[in-house]
Amino acid sequence: MSVRPLRVVGQSVPRVDGLEKVTGRARYVTDLVIPGMAHAKVLRSPYAHARVRTVDVTRARARPGVLAALCGADLTWCEPYYGPAYRDRPVLAIDVARYEGEPVAAVAAVDEATADAALELIEVDYEPMPPVITLEEALAPGAPLVHTGKPQAGIFADLSTLRPEPGTNVCHQFHFARGDSAGALATADLVLDETYRFPPVQHVALEPHAAVAVWSETDGLTIWASTQNPYSVRVELAKMFGVSLARIRVIVPHLGGGFGSKTYAKLEPLAAALARVAARPVRLAASVPEAFQTVRRCAARVHVRVGFRRDGALVAVECDADYDVGAYADIGPRVVQKATYTATGPYRVPHVALDARAVYTNTTPGGAFRGFGVPQLAWALESVLDVAADRLGRDPVELRRQNFLAHGEEFAPGDTPIDGKLEESLSRAAAAIGWRQAGAADRGRGVAAMLKASVAPSVSEAIVRLHADGSVSVLASAVEMGQGTRTVLAQIAAEVLSVSLAQVTVVQPDTAVTPYDQTTSSSRSTAMTGRAVQVAAEDVRDQLLAIAAQSLGMAARELALADGAIVGPARRLTYSEALALKFGMSGGELIGRGVIAPGRTAAPLGGSTPFWEMAVGAAEVSVDEETGAVRVERYVSVADVGRAINPLLLEGQDEGGVVQGLGHTLLEEMLYADGHLLNGTLLVYRVPRADDAPAELECRFVENADGSGPFGAKGAGEGSLIPVSPAVANALARLTGVRLRDLPLTPERVWRALRARSPRA
Amino acid sequence: MDAAPRVRIRMVVNGGAREVEIAPHALLLDVLRDLLDLKGAKRSCDTQVCGACTVLVDDQAVSACTFLAVEADGRAVLTVEGLADGESLDPLQRAFLDAGAVQCGFCTSGMLLTARALLRENSTPSRDDVLHYLRGSLCRCTGYRKIVEAIMTVAEARR
């Protein structure tokens, strides 16, 4: 077969679910109506930390219309604890409430009003205890402990060596070193020793978490869930309820945004428990304030010591990062160690000592959020690089270029060599922002780069079915949450099987139907699930070629697929004809299988990343010296994606990443006082609006087809977000001489720093 | 328990006369979603900030999450389901698809109706007019650029 040009892959085809979405026909979990469905409401702790002496749900249970009323003490018939890192989170508080907003009791009733009214009848006797809200409070000697029991490990193999520090609030520590960092710092020409802070922020997916659960004798538990990883939810539910995996069916309809907030079990355990007791389908839909009480990004305090030679070469990085993972670990320990492993970013650093701690506090649990711990560290390192450039009299662009890891260079022994060209992203970003050209006097420019590993090892499986009429079903469990994966998977199958996009249907995830996929996160779906779909489609292709070869009496290599037919010299067989030949009738189908499972390796985290996500951001900012308000006027992101399967969708995803990054850079921070979250609603928690976005926003791609994914693709979607904060702060520093180390860069912080600035020469 | 008082209201919803009996405090969003099965308008912030529930009442954009249904009595309500003329899409719907202005879709219906209200008030909006008008419409996926572009495309086609 000759290599033919790509037809569908690389094209900005319209998204396959677009029509449903612009007509309002797309159904999300909260739009579902299951016959007999009851409605659930949750009573939450008003205290950040309290002993729960008694919970009395008797009166609520007796109220007409109430079908179930539960508290933690009622959950004797199931395993009440869950969590992917530690099984430390009870479905409903048991003995202790560990953060304001923790579910303490729940009711399912015939309608929402009845459920709400029944919550008023629940009596809880709390004994408030002193909380720890900040990292400083949690790490102080003799600090009150958020958890006192011995934790049970969750489901992640690379966390099999969880290292809590007994008697403290540290639930996990990670250490990674090579070379002699202390010695290298002692002899470095320039050592910068600085501390940076990253705030707790919430994802604010416009669709808050939701689940509808129903039990049946025959099928077990069926749950429609707003989740990014139905298979992780399935294994949690199976463990909790003592049911086989085959009897847990997780179905994911349209998802109204995720950004990490919908990874791992969230509301599903409670919805399932209520449905079991109510013996009815139960719908549990969180409000936006409840989403703020469900998960957030891990805040961090990052202390770095970075050594340079006079010529600009990076010689050593020491990093001590403390992450605030909130009251329950969720996936926090994994966020912490995976991010810290790449704390040196895309740079060649011979001497490294990286230490991180995951610290419990009495706040909303911290979990996955776009960037998975890397934005916190990149905020520190990429800021320090600009400080160093200033001190060494070097251009920040050239300093980065000098220290970049090269294509093919080892990142760490056993892990995947660098598979992209950072210098190409950097050159394009610098050119697009006009780095070499004089800018307006009231504008400043800054750059930053990023590198991130994807989850490894991980597994994606796919099934491709070719039907008797030549149409195709793709069965895969990557969740469409806006990023466009359904469209991309359809493009991949259409490309391999040489059919039009309209001939391909990508089935929505359903663990009873679509095969295993580990998670829709870590920018992995195109590279991993997409590759599984490609292999499954190639399996079907090979079956078609074999059928045609036999019937036409030719060698398979003389044949190729084109426009829904197997084509050879002077002969052509449509797929329908080929299937009819194989089955001797107009029925039957071809089934192709794709399994991508690279397995464990000797890499430091136990698996080699399937690709490195790499990107560069460049910002041009202005500042109102009277108010301290920073405006990002122009922003350029260049991501090294290997190949853009659908450039328009990818561009949209990266544009969204930049503006989401502007949120924690300029606006967003969950603020606590006396243990209470002050701004857990959209009335007072400001996310970027249309008029906050840069007036000029450009997202571009480096495409060298050098990824391990389909057609040379790598993962994308997180890279655009990560450089935003340091690029903006670096631009602000170059404009004003003011260096800020705490996010967000609020007008007050900037104004105070401008006022404190010594007069410039 | 006493029987709760009910009121009967009449609206023209997406061009069709509808009559429903509701509690006096019922919100328009619940009436549309639960009684009329029009699920396109979404509940998100529930506080008139995010715009996911935006519908038009007599051509005015309102947040259905905080709009009493009785206030819609005798008036015309347009939801996203009424934008297309049969299978023929409204130019805004077409422009959103072409520009890539749709991602997760949860904000899309509100964005479309907000844009329609804007273009009715001001058929030749500047980019700044659009940005200003979208202050009550949040999107967490797109970064807004393609949404603004889609609206400007429709506005420019009308010039």
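These figures come from a predicted structure and were not determined experimentally.

> Looking at this structure, how should I read the overall build of chain B?
A tally of helices and strands in chain B yields five helices and five strands. Order of helices (α) and strands (β) in chain B, N terminus to C terminus: β-β-α-β-β-β-α-α-α-α. A compact globule built from 159 residues would reach a C-alpha radius of gyration of about 15 Å, and chain B, at 16 Å, matches this within 12%. Expressed along its principal axes, the backbone C-alpha trace of chain B runs to roughly 55 × 30 × 25 Å. The buried share among the 159 residues of chain B stands at 53%.

> Sorry if this is basic, but what is going on with the packing of helix H10 (residues 374–392) of chain A against helix H17 (residues 724–736) of chain A here?
In a packed pair of helices, the relevant descriptors are the angle between the two axes and the axis-to-axis distance. Residues and elements named next belong to chain A. Two elements in contact, H10 and H17, have axes separated by 8 Å at closest approach and are oriented at 30°. By the angle between their directions, the pair H10 and H17 is classed as roughly parallel. The way H10 lies across H17 gives a crossing that is right-handed. Only Ser-725, Pro-726, Ala-729, Asn-730 and Ala-733 of H17 make contact with H10, whose side of the interface consists of Pro-375, Ala-378, Trp-379, Glu-382, Ser-383 and Asp-386. Per-class residue counts for the contact of H10 with H17 are six nonpolar, three polar and two charged.

> Explain the environment of A:Ala273 here, please?
Residues and elements named next belong to chain A. Of note, Ala-273 is situated in helix H7 (residues 268–278). We classify Ala-273 as buried; it has 27 C-beta atoms within 10 Å. In sequence terms Ala-273 and Gly-470 are 197 residues apart; their C-alpha atoms lie 44 Å from each other. Those residues within four positions of Ala-273 in sequence are excluded, and the remaining contacts are Leu-70, Leu-75, Cys-78 and Val-91.

> Looking at this model, I keep getting lost on the domain arrangement of chain B. Mind explaining?
How big an interface is tends to be stated in terms of accessible area lost as the parts join. Residue and element names in this part refer to chain B. Partitioning chain B into domains gives domain 1 (7–82) and domain 2 (91–158). On a C-alpha basis, the centroid separation for the pair domain 1 and domain 2 is 21 Å. Contact residues are listed per partner, giving 16 residues for domain 1 and 13 residues for domain 2. When contributions to the side of domain 1 that touches domain 2 are tallied by element, the ones reaching two or more residues are strand E3 (54–57) and strand E4 (60–63). The biggest single contributor to the side of domain 1 that touches domain 2 is E3, with three residues.

> I would appreciate a short explanation of unusual backbone geometry in the present structure.
It is generally the case that most residues other than glycine have a negative phi and that most peptide bonds are trans. A:Ala456 connects to A:Pro457 through a cis peptide bond whose omega is -5°. Along the chain, A:Pro457 falls in the loop between strand E20 (444–453) and strand E21 (460–466). A cis amide bond, omega -5°, links A:Leu743 with the succeeding residue A:Pro744. Looking at where A:Pro744 falls in the secondary structure, it is placed in the loop between H17 and helix H18 (747–756). We note that B:Asp58 has phi near 45°; this positive angle belongs to a residue other than glycine.

> What is the right way to look at the domain arrangement of chain A in this model?
All names here are of chain A. The domain architecture assigned to chain A consists of domain 1 (18–26 + 458–596), domain 2 (32–129 + 203–292) and domain 3 (373–454 + 603–756). Taken together, the contact pairs 15 residues of domain 1 with 18 residues of domain 3. When residues in the side of domain 1 that touches domain 3 are grouped by element, the largest group, six residues, is from helix H14 (residues 525–552). Per-class residue counts for the side of domain 1 that touches domain 3 are four nonpolar, nine polar and two charged.

> Would you take a moment to explain the interface of chain A and chain B for this structure?
At the interface, 43 residues of chain A touch 41 residues of chain B. Going through the elements one at a time, helix H1 (18–22) and helix H16 (647–667) of chain A are the ones with two or more residues in the side of chain A that touches chain B. It is H16(A) that provides the largest number of residues to the side of chain A that touches chain B, a total of eight residues. Counted by class, the side of chain A that touches chain B contains 21 nonpolar, 14 polar and eight charged residues.

> Would you take a moment to explain helix H11 (residues 396–403) of chain A for this structure?
Since the α-helix advances by 3.6 residues per turn, residues separated by three or four positions end up pointing in the same direction. All names here are of chain A. Inspection of H11 places Pro-396, Val-397, Leu-399, Arg-400 and Asn-403 among the buried residues, and these make up the whole buried set. The arc that holds the buried residues of H11, viewed along the axis, is 165°, so those residues lie on one side. In this fold, the buried residues of H11 make contact with strand E17 (314–326), H10, helix H12 (422–433), E20 and H17.

> What am I meant to see in helix H13 (residues 485–497) of chain A here?
All names here are of chain A. Helix length check: H13 (13 residues) gives 18 Å between terminal C-alpha atoms against 18 Å at 1.5 Å per residue, within 8%. The element H13 is largely enclosed, with a buried count of 13 among its 13 residues. Ser-498 occupies a position one or two residues after H13 and carries a positive phi of about 55°.

> I would appreciate a short explanation of the sheet that holds E3(B) in the present structure.
Strand pairing in a sheet relies on backbone hydrogen bonds. The paired strands run either parallel or antiparallel. All names here are of chain B. The five strands are arranged E2-E1-E5-E3-E4 in an open sheet whose pairing can be described as mixed. In the strand order of this sheet, the two ends are held by strand E2 (16–22) and E4, each with one partner. Each strand axis lies, on average, 40° off the axis of its neighbour in the sheet, ignoring direction.

> Is there a simple way to think about the nonpolar core in this case?
Across soluble globular proteins, nonpolar side chains have a tendency to be buried as a group. Residue and element names in this part refer to chain A. In this structure, Leu-70, Ala-271, Leu-274, Val-474 and Ala-493 are the most contacted members of the largest nonpolar core, which totals 317 residues. Ranked by residue count, the leading element in this core is H14, at 12 residues. Those residues in contact with Ala-493 that lie beyond four places of it in its chain are Val-464, Val-472, Val-474, Val-504, Val-533 and Ala-537.

> I would appreciate a short explanation of the sheet that holds strand E28 (residues 612–623) of chain A in the present structure.
All names here are of chain A. Here we have four strands laid out as an open sheet, ordered E20-E28-E29-E32, and mixed in their pairing. Whereas interior strands pair on both sides, the edge strands pair on one side only; in this sheet they are E20 and strand E32 (696–702). When the angles between neighbouring strand axes are averaged without regard to direction, this sheet yields 15°. Where E20 lies against E28, 10 bridges are found, and the strand directions are antiparallel. By the bridge assignment, Leu-451 is partnered in E28 with Met-614.

Procedures and definitions
Residues numbered from 1 in each chain as written. Chains lettered and ligands numbered in written order. Predicted model: local features only at pLDDT ≥ 70, side-chain atom pairs only at ≥ 80, totals over all residues. Helix = DSSP H or I, 4+ residues; strand = E, 2+ residues; numbered from the N terminus. Rg over C-alpha atoms; globule rule 2.2 N^0.38 Å. Buried ≥ 20, exposed ≤ 12 C-beta atoms within 10 Å, placed from the backbone. Axes fitted to C-alpha atoms, helices over the stretch in contact; angles between N-to-C directions. Parallel < 35°, antiparallel > 145°, perpendicular 65-115°, else oblique. Left-handed = near helix turned anticlockwise from the far one by under 90°. Contact = placed C-beta atoms within 7 Å. Nonpolar A, V, L, I, M, F, W, Y, C, P; charged D, E, K, R; others polar. Domains from an automatic or database assignment. Arc of directions from axis to C-beta. Expected span 1.5 Å × (residues − 1). Pairing = 2+ DSSP bridges. Core = buried A, V, L, I, M, F, W, Y, C linked by C-beta atoms within 7 Å.

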